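# Chain and residue survey
Below, each chain spelled out in residue letters.
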2 protein chains.
Amino acid sequence: MKQEHIDQIEAAASAIRERVEAGKATHVYFVACGGSQASMMPAQYMFDRELAIPSAIYTSNEFNYATPKAFDASSIVVTISHSGTTPETVAAAQKATDAGALSIAFSNAVDSPLWKAASYPIHYDHGEGAEEADKSGSVELRAWFEFLKSLDGEHAERWAKASSAVDALPELKAKAQDLYRDDCVRFASRTKRSKLIYTMGSGASYGEMYALAICWLMEMQWVNSNCIHSGEYFHGPFEITDFDVPFIISVGNGATKHLDERALAFAKQYSQELLVLDENAFSYEGVPQDVQEYFAPELLSAAIRVFVEAHAHDSGHSLSVRRYMWQLEY
Amino acid sequence: MKQEHIDQIEAAASAIRERVEAGKATHVYFVACGGSQASMMPAQYMFDRELAIPSAIYTSNEFNYATPKAFDASSIVVTISHSGTTPETVAAAQKATDAGALSIAFSNAVDSPLWKAASYPIHYDHGEGAEEADKSGSVELRAWFEFLKSLDGEHAERWAKASSAVDALPELKAKAQDLYRDDCVRFASRTKRSKLIYTMGSGASYGEMYALAICWLMEMQWVNSNCIHSGEYFHGPFEITDFDVPFIISVGNGATKHLDERALAFAKQYSQELLVLDENAFSYEGVPQDVQEYFAPELLSAAIRVFVEAHAHDSGHSLSVRRYMWQLEY
């Protein structure tokens, strides 16, 4: 990872540490929209599991308009917008800054409105020529571990090790893609004319499956979708399962693995159109065992990318075509 | 409301008050599955807006398997299971009891496993002959206000007034149904052969729209669905909007009204198949202005019920038929 990104993460982590020492770090709020929000869902899950201080995640305008009562100058607010221009996310970062809260933001666009609204902006690379190690997946994951190191000083060594292990991510992502390439390509071909594909997951990986549903499928392929939480599947949604209803199901490698396995066992019996992405099959070489659950969503996202690109090819529907987004005012 | 229900709510509220006085009420966890979880989403929203202490909501097995770090003897855990037998919800209530947390449960079944697992069980009526005032909607809403009275002593009078106003709910629900009967019946007829109907909402009413998607449509009508948060609509999902894609959209009367109105304005332009349920059109007679937002989800649910029954009739698909639930082990 470039020193620039490391320095920006460290500046934010130091600011968190100072607040912890001053007793002014009482709540963490993750605030963003769509795929950006989804990319922080694993962090919210991780913080919820690892920290006694509360963390919560909001779509930006819900945070802006229905602001939680506990939000104040002792809050830490983390925002993301790729372009740095998403108005409601910029407003949330500004709201945090104005309240005297710690306002940290991730963006691909230096000097964007979001960059200026936050006190601690962090840049990630994107697009052609960008190294995997400098893209949002690696930059965010390293930041979460560095933030945890600041918030959970008791286990500083654990989080430092996790942070270093992020260097292994690019290679592990490539391996995850190789592992599932054939399955993804076959499933993309079989579902190229499907008007609907459900996704399912839980725990640290719910966010990736949510992003698959709302960004990759609904937004970029115009395929109807819904990300079902595997813990909710048997409490209503499973009744739509049938032999010809396609599902993409992730099986977690962490605390909620049982939920996914139970849902998968059922879906396997009643649907003939499944793509199963099992996080237990990924390589985690170089990653400490006790944080592999937190690396898994990134490996899952790498495998999903293979499916999505194959689906776009086979359906003839480019990932870059939009009928509304960027086309008109809304 | 029957004295039995009032007494059970008061017992739980007293227990909360004692814990507050002892400094042992630091977190509130709402834990349940499917429609039961959905019925507590308005409460989580309300607590988040009104209390400085954190509250969070989980599907039961996520709480059981990926238990939040902050959960301890000072937590308040509220569970619901209609039958009182949902295994993961019973386990959550028992987990709370075992940890010395305050374990409160709602159920239609006295002496059910959930009833026994919790320390403060609260009964609600259901089915033929049950009065609206004693059903889950009224019993839960009154409980939320009484719990807030215990947790937010500073505004005890406000919450006492809100609690009393719950008596008006049955009449207001009947009026909400009358108001939207024609719209619901027409939309049900137009969508009786639709294989997919999206729902959308936000804020206090997101839970109702979520329940409409996963319980009423997916489970009971085998209609594909997805509840889109109106704050997320423009960040991916809106690309699936088209002239023949049906949406049921709620417009809130509270803090997140703007989100819903913005989503509705767009959907109106590009879809010809909308059912709009505007909470600002409901009567709130007898309800203090500052808590009308919290009554709105119940009125919304009453209107939804009209649509659902008309849809079941017109599609010929009984609300009580299931292919998996209750039919086999899973």
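Conventions and cut-offs
- Residues numbered from 1 in each chain as written.
- Chains lettered and ligands numbered in written order.
- Predicted model: local features only at pLDDT ≥ 70, side-chain atom pairs only at ≥ 80, totals over all residues.
- Heavy atoms only, no water.
- pLDDT = per-residue confidence, 0-100.
- Salt bridge = Lys/Arg side-chain N within 4 Å of Asp/Glu carboxyl O.
- Helix = DSSP H or I, 4+ residues; strand = E, 2+ residues; numbered from the N terminus.
- Buried < 20%, exposed > 50% of the residue type's maximum accessible area, 1.4 Å probe, protein only.
- Least-squares fit on C-alpha atoms with pLDDT ≥ 70 in both.
- Contact = heavy atoms within 4.5 Å.
- Axes fitted to C-alpha atoms, helices over the stretch in contact; angles between N-to-C directions.
- Parallel < 35°, antiparallel > 145°, perpendicular 65-115°, else oblique.
- Left-handed = near helix turned anticlockwise from the far one by under 90°.
- Nonpolar A, V, L, I, M, F, W, Y, C, P; charged D, E, K, R; others polar.
- Disulfide = S-S within 2.5 Å.
- Buried area = accessible area lost by both parts, 1.4 Å probe.
- Polar contact = N/O pair within 3.5 Å; in protein donor to acceptor, adjacent residues only side chain to side chain.

### A word on the confidence of the model for chain A
When pLDDT is averaged along chain A, the result is 98, and 100% of the positions lie at 70 or above. On the interface metric, ipTM, the complex scores 0.97, and its pTM is 0.98.

### Considering the pattern of salt bridges
Two side chains with opposite charge may pair up if their charged atoms get near one another. Tallied over the entire structure, the rule returns 36 salt bridges over all chains. Of the charged contacts, one joins D242 of chain A and R323 of chain B as a salt bridge, the two residues approaching to 2.8 Å between their closest N and O atoms. Here the residue D242 of chain A occupies a position in the loop between β7 (227-229) and β8 (247-251), and R323 of chain B occupies one in the segment after α11 (292-315), the pair thus bridging two chains. Using a relative accessible area of 23% as the deciding quantity, one classes R323 of chain B as partly exposed. The residue R17 of chain B makes a salt bridge to E10 of chain B at a minimum N-O spacing of 3.2 Å. Residue class for E10 of chain B comes out partly exposed when judged on its relative accessible area of 30%. One continuous salt-bridge network, built from bridges that share partners, spans E132, K135, K173 and E298 of chain A.

### Brief notes about the relation of the copies chain A and chain B
The operation relating chain A to chain B is a screw motion whose rotation component is 180 degrees, with 0.0 Å of axial translation and a residual RMSD of 0.0 Å. On the angle and the small slide along the axis, the relation comes out as a two-fold axis. Of every C-alpha in chain A, the one belonging to N226 of chain A sits nearest the axis of rotation, 2.6 Å from it. Mapped onto chain B, 100% of the interface residues of chain A are again interface residues, and the two copies thus contact each other with one and the same surface.

### Comments concerning the packing of helix α9 (residues 206-221) of chain B against α11 of chain B
Residues and elements named next belong to chain B. At their nearest, the axes of α9 and α11 sit 11 Å apart, and the two run at 20 degrees to each other. Accordingly, the angle class assigned to the pair α9 and α11 is roughly parallel. The hand of the α9/α11 crossing is right-handed. In contact with E208, M209, L212, W216, L217 and Q221 of α9, α11 contributes P297, E298, L300, S301, I304, R305, F307, V308, H311, A312 and S315. Across the contact of α9 with α11, the residue classes break down as 10 nonpolar, 4 polar and 3 charged.

### Considerations on the state of the cysteines
All names here are of chain B. Taken as a whole and assessed by the stated rule, the structure comprises 0 disulfides over all chains. Between C33, a cysteine without a disulfide, and C215, which holds the nearest cysteine sulfur, the sulfur-to-sulfur distance is 11 Å. Among the residues examined, C33 registers a relative accessible area of 7% and is labelled buried. When its relative accessible area of 9% is taken as the criterion, C215 is described as buried.

### What to know about the interface of chain A and chain B
Of the residues lining the interface, 65 residues belong to chain A; the matching set on chain B comes to 65 residues. Between chain A and chain B the total buried area reaches about 5,500 Å² when both faces are included, carbon and sulfur atoms providing 54% of it. There are 4 salt bridges connecting chain A and chain B. Between the two partners, chain A and chain B, sit 36 residue pairs in polar contact (both at pLDDT 80 or more). Of all the elements in the fold, those that place two or more residues in the side of chain A that touches chain B are β1 (27-32), α2 (34-50), β2 (55-59), α3 (60-65), α9 (206-221), β7 and α10 (257-270) of chain A. Partitioning the side of chain A that touches chain B into residue classes produces 32 nonpolar, 20 polar and 13 charged.

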